[in-house]
Amino acid sequence: MRALLSLSLGLWLGLSMAVWGQEPTKQDPLAQMEQEILQGQKRVEAKYRRFREVLLRMAQYLADKDPVRAQLLRRAIEESNQRNIEQDLQQILQALQQQRLASAVLQQDEVLQDLTRILELLLSEQRSQRLADQKARLKQYIKEVKRLLRQQRVVEDRTHRGEPTQNLAPRQGQIAQDTKRLADRIARNEGLVPASPQGPNSSNSPADGSQGSSGKNGSSPDSQGQKPPSSGKPHPPNGKPSQSQNGKPQGKPNDKPSDNSQGNAQGQQNPNGSQGQNGQDSSKPGQSNGQNGKPNQGSNPGNQGNQGDSGSQGQSGQQSDQDQSLRNIHRQIQQAQQRMEQARKQLEKARREGALEEERKAAELLEKIQRQLERLLRQLREEEMARVLANLEARLRKMLNMQVEVYEGTLRLNLVPPEQRGRHEQIQAGRLSRRQSLITLEANKALQLLRADGTSVAMVEALLEVREDMQQVAVRLAQLKVGQITQGIQEDIIAALEEMLEAVRKAQDELQQRRNNPRSRPGQPMEPPLIDMLAELKMLRSMEIRVRKRTARYQKLIGEQDPVGQATEAELLEALRRLAQRQRRITKAAQDIVSGRNR
């Protein structure tokens, strides 16, 4: 009976739902999929808003503790604002709700590229280590090119002197093989995509038809297990300019079709036409003409002009230029190897004049390659210097502000007569002492930066002196010694920090001028020092002046009665002993600068 009633109830419900046009258990699979996609897009939008909030809070939290990382997070926020990612996500959601699936797919591709750029920017925090690795590789390349150039000049000279050509041909062939191995190593280490044989110097090659041998010789190591660099830089295939690589040509009503020639014409300084990505990688955030589909919104007019090398556009654009330079260098090494092979063939045929001409052109190519490698190494060093100087400037400014606060607190404590100082003043002095110890920790971090760079002598010595003074002040404050000696040491600390901060800012200005005018710096070393010699000598002079003033100050105190018990004669003698050690270190630092031991 119960089974019959259940069956009847089920049939009634089925008929009722059928009358209303609904099925009790089945649902349209397409509608269900649309709802899942819509809900997933809503979750993506909510996660992105949460992501931006976290970035902002982290940037505010790290502003004092880690200014370099905080600056990187702020740049990521500015990049997301310029790319209008949040607005694009909202438009995608609206398109899905209105079932405009084609438009939603195009906008999702754009947002995916934008998020990739943000990820690359956040991962650029490891740029310092990559810079050091790339500099080490460039030094090895330069060393190898110099060796090949010397050997090539020797063969050229022996050919010119009339030595038997059959003896010179094997030697020329060995140099050609070494040159090919260098080209292969550069392609393997730098992850270069096998390039087309024609390039800016293709007219210098033995013959256009022989470029195929260059590609054959140089491309096999590149293509074995090699993939294009995964840095997000576009590498459009031949004959198919991808719309998603050249900006955002489809996503907005005011977009223009993809025009590689237009993208290459703006800001591409290298005449090589075989690659079209130079300048496209970072064009969207900083473009003022709006050709890539997302014109400037004007949200940060002040930052766009002065971000320079610290901005994401400058960083990605500079990386793209460096990659293009390495491709050109690799191509020219292949051309030099071709010249050497042609010279070897001429020598085997006893054609001395033809061999001399090919040897001369091969040597000229090697000289050009050496200059380009040295210029690239100098650019990497300047990028490294910019990062170190920015970090150092932030730490010195933080130390100076903290030290001024401790100094002002010391002056306030000294206003209380010694006989009236009690528990409250002891607690205040202890707090100042702990604050002074925190400044000492910041000095240690700044010293680590300078020692890792290894090119500054006077700045390191000045920071060592400042750290010693800070430690001495922390001990004296813990003992409630807030008199003339403690105040004098603090004044010296503040003066030294101000001088170092000024030297760092001047070095930043000079570095920016050099980077803005890269061609107007003849004789510039490949790895310039962080602080130039003149600034180092000025710093040594200021250190010597402070030693002399402190010596005079202690001389006046020795033998005098100290009514408040802030300094005993034994303490002053110990302070003079430390000054003598400081004087010896200043002398050694001056000798190191003159002898060039820091170079």
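All of these numbers come straight from a predicted model, not from anything done at the bench. (Residues numbered from 1 in each chain as written. Predicted model: local features only at pLDDT ≥ 70, side-chain atom pairs only at ≥ 80, totals over all residues. Heavy atoms only, no water.)

1. Thoughts on the overall build of the chain
Phase 1 of the analysis: Of the regular secondary structure elements, the chain holds 18 helices and zero strands.
Phase 2 of the analysis: Taking all 599 residues of the chain together, 45% fall into the buried category.
Phase 3 of the analysis: Of the accessible surface of the chain, which amounts to about 31,400 Å², a share of 51% is contributed by carbon and sulfur atoms. (Helix = DSSP H or I, 4+ residues; strand = E, 2+ residues; numbered from the N terminus. Buried < 20%, exposed > 50% of the residue type's maximum accessible area, 1.4 Å probe, protein only. Areas by Shrake-Rupley, 256 points an atom, 1.4 Å probe, with all protein chains shown as cover.)

2. Here we look at the pattern of salt bridges
Phase 1 of the analysis: Inspection of every chain in the model, using the stated rule, returns 41 salt bridges.
Phase 2 of the analysis: Here Arg-158 ties to Glu-163 by a salt bridge, and the two come within 2.9 Å at their closest N and O atoms.
Phase 3 of the analysis: Arg-158 sits in the partly exposed class, given a relative accessible area of 25%.
Phase 4 of the analysis: Owing to a relative accessible area of 23%, Glu-163 belongs among the partly exposed residues under this scheme. (Salt bridge = Lys/Arg side-chain N within 4 Å of Asp/Glu carboxyl O.)

3. Regarding the environment of Glu-405
Phase 1 of the analysis: Within the secondary structure, Glu-405 sits in helix H13 (residues 352–414).
Phase 2 of the analysis: Given the relative accessible area of 44%, Glu-405 is considered partly exposed.

4. Observations concerning the environment of Gln-337
Phase 1 of the analysis: Here Gln-337 is to be found in helix H12 (residues 312–348).
Phase 2 of the analysis: Taking the relative accessible area as the measure of exposure, Gln-337 reaches 4% and is therefore buried.
Phase 3 of the analysis: Along the backbone, Gln-337 and Leu-366 are 29 residues apart, and their C-alpha atoms lie at a distance of 9.6 Å.

5. What to know about the packing of helix H4 (residues 85–97) against helix H5 (residues 101–123)
Phase 1 of the analysis: Their axes nearest at 9 Å, the elements H4 and H5 cross at an angle of 155 degrees. Taken together, H4 and H5 sit at an angle that is classed as roughly antiparallel. Here H4 and H5 pass one another in a crossing that is left-handed. Residues Ile-85, Asp-88, Leu-89, Gln-91, Ile-92, Ala-95 and Leu-96 of H4 pack against Leu-101, Ala-104, Gln-107, Gln-108, Val-111, Asp-114, Leu-115 and Ile-118 of H5. (Axes fitted to C-alpha atoms, helices over the stretch in contact; angles between N-to-C directions. Parallel < 35°, antiparallel > 145°, perpendicular 65-115°, else oblique. Left-handed = near helix turned anticlockwise from the far one by under 90°. Contact = heavy atoms within 4.5 Å.)

6. Some points on the packing of aromatic side chains
Phase 1 of the analysis: A full pass over the atoms with the stated rule returns one aromatic pair.
Phase 2 of the analysis: On the numbers, 6.2 Å between centres and 40 degrees between planes, the contact of Tyr-48 with Phe-51 is tilted. Pair noted here: Tyr-48 and Phe-51 are both in helix H2 (residues 29–65), with a separation of three residues, about one helical turn. (Phe/Tyr/Trp six-rings, centres within 6.5 Å; stacked < 30°, edge-to-face > 60°.)

7. Here's the deal with the nonpolar core
Phase 1 of the analysis: Ranked by internal contacts, the top residues of the largest apolar core, which has 58 residues, are Leu-396, Met-399, Met-459, Met-470, Leu-497 and Met-500.
Phase 2 of the analysis: Elements with a minimum of two residues in this core: H13, helix H14 (423–453), helix H15 (458–478), helix H16 (484–516), helix H17 (533–557) and helix H18 (569–595).
Phase 3 of the analysis: Beyond its immediate stretch of four places on either side in the chain, Leu-497 contacts Leu-396, Met-399, Leu-400, Gln-403, Val-466 and Met-470.
Phase 4 of the analysis: Core analysis: the second largest hydrophobic core is formed by 29 residues, Val-145, Ile-333, Ala-362 and Leu-380 among them. (Core = buried A, V, L, I, M, F, W, Y, C linked by side-chain atoms within 4.5 Å.)

8. What to know about the side chain of Arg-381
Phase 1 of the analysis: The residue Arg-381 is located in helix H13 in this model.
Phase 2 of the analysis: By relative accessible area, which is 2% here, Arg-381 ends up buried.
Phase 3 of the analysis: At 3.4 Å, the side chain of Arg-381 and the side chain of Thr-455 are in polar contact.
Phase 4 of the analysis: The contact partners of Arg-381, leaving out residues within four places of it in the chain, are Lys-135, Asp-453, Thr-455, Met-526, Glu-527, Pro-528, Pro-529 and Leu-530. (Polar contact = N/O pair within 3.5 Å; in protein donor to acceptor, adjacent residues only side chain to side chain.)

9. Thoughts on unusual backbone geometry
Phase 1 of the analysis: Here Ala-350, not a glycine, exhibits a phi torsion of approximately 60 degrees, which is positive.
Phase 2 of the analysis: With respect to the helices and strands, the residue Ala-350 is situated in the loop between H12 and H13.
Phase 3 of the analysis: Here Ala-350 falls in the exposed class, since its relative accessible area comes to 53%.
Phase 4 of the analysis: The phi torsion at Leu-480 lies on the positive side, around 60 degrees, for a residue other than glycine.

10. Brief notes about the environment of Arg-578
Phase 1 of the analysis: Among the structural elements, Arg-578 can be located in helix H18.
Phase 2 of the analysis: Between the C-alpha atom of Arg-578 and that of Glu-468, which follows or precedes it by 110 residues, the distance is 9.6 Å.
Phase 3 of the analysis: In this structure the side chain of Arg-578 is engaged in a polar contact, spanning 3.5 Å, whose partner is the side chain of Gln-472.

11. Quick word on the packing of H15 against H17
Phase 1 of the analysis: Where H15 contacts H17, the axes come no closer than 9 Å and their chain directions differ by 30 degrees. Viewed along their axes, H15 and H17 adopt a mutual orientation that is roughly parallel. Crossing geometry of H15 relative to H17 is assigned as left-handed. Along the contact surface, H15 presents Ala-458, Met-459, Glu-461, Ala-462, Glu-465 and Asp-469, while H17 presents Glu-536, Met-539, Leu-540, Met-543 and Arg-550.
Phase 2 of the analysis: Tallied by class, residues from the contact of H15 with H17 come to six nonpolar, no polar and five charged. (Nonpolar A, V, L, I, M, F, W, Y, C, P; charged D, E, K, R; others polar.)

12. Regarding H5
Phase 1 of the analysis: With 23 residues, H5 ought to run about 33 Å at 1.5 Å a step, and its terminal C-alpha atoms sit 32 Å apart, in line with that.
Phase 2 of the analysis: Taken as a whole, H5 has its buried residues at Ala-104, Gln-107, Glu-110, Val-111, Asp-114, Arg-117, Ile-118 and Leu-121. (Expected span 1.5 Å × (residues − 1).)

13. What to know about the confidence of the model for the chain
Phase 1 of the analysis: Predicted confidence across the chain gives a mean pLDDT of 75, with 70% of residues reaching 70 or more.
Phase 2 of the analysis: This stretch, residues 1–9, has a pLDDT under 50; its non-local contacts, to residues over four places away or in other chains, come to zero contacts.
Phase 3 of the analysis: Contacts from residues 195–313, a stretch scored under 50 in pLDDT, to residues over four places away or in other chains number 192 contacts. (pLDDT = per-residue confidence, 0-100.)

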